[in-house]
Amino acid sequence: MHFWRGVRIPSRIVENVYGSGNFDDAGDELIATLRRVSGYPPDQYRYRFDFDSTHQNPWYHTFIFEIQDIPDAIYEQFISQIAILGLLENQST
């Protein structure tokens, strides 16, 4: 059985950092960051993207990045790095 662990990034933050609608750029940066913290083996961890736009207010829409079977230590490094990129607010790990 596989375990998926994710981070929810407010869509408004993605757009503040990368520009309006630039979720592809944000996704590329998340993938590159994952590869960096895991020592660059290509596709060592499976990942997937999603959006949660179920809330009526767009302020609460989120860009979701999930990683399969990532160890705690690597995940913590990943979270630290995306915080440096300015993509997190009040994110608990």
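First things first, this report covers the structure right here in the doc. Every value quoted in this text rests on a predicted model; they were computed, and no experiment measured them.

Points about the side chain of Thr 33
Thought 1: By secondary structure assignment, the location of Thr 33 is in helix α2 (residues 23-37).
Thought 2: For Thr 33, a relative accessible area of 0% corresponds to the buried category.
Thought 3: When sequence neighbours within four positions are dropped, the list of residues in contact with Thr 33 reads Phe 78, Gln 81, Ile 82 and Leu 85.

As for the pattern of salt bridges
For side chains of opposite charge, pairing can occur when their charged atoms come near one another.
Thought 1: For the structure on display, the rule yields five salt bridges.
Thought 2: One salt bridge in this structure joins Asp 72 and Arg 5, with 2.7 Å as the shortest N-O distance. Remark: Arg 5 occurs in strand β1 (residues 4-10) and Asp 72 occurs in helix α3 (residues 72-84); sequence separation between them is 67 residues.
Thought 3: The exposure class of Arg 5 is buried, given its relative accessible area of 18%.

Side note on the nonpolar core
Thought 1: Val 7, Leu 30, Phe 65 and Phe 78 are the most contacted members of the largest nonpolar core, which has 23 residues in total.
Thought 2: Taken together, the elements giving at least two residues each to this core come down to β1, α1 (11-18), α2, β3 (62-68) and α3.
Thought 3: Here the element with the most residues in this core is α2; it accounts for six residues.

Rules used in this analysis
Residues numbered from 1 in each chain as written. Predicted model: local features only at pLDDT ≥ 70, side-chain atom pairs only at ≥ 80, totals over all residues. Heavy atoms only, no water. Helix = DSSP H or I, 4+ residues; strand = E, 2+ residues; numbered from the N terminus. Buried < 20%, exposed > 50% of the residue type's maximum accessible area, 1.4 Å probe, protein only. Contact = heavy atoms within 4.5 Å. Salt bridge = Lys/Arg side-chain N within 4 Å of Asp/Glu carboxyl O. Core = buried A, V, L, I, M, F, W, Y, C linked by side-chain atoms within 4.5 Å.

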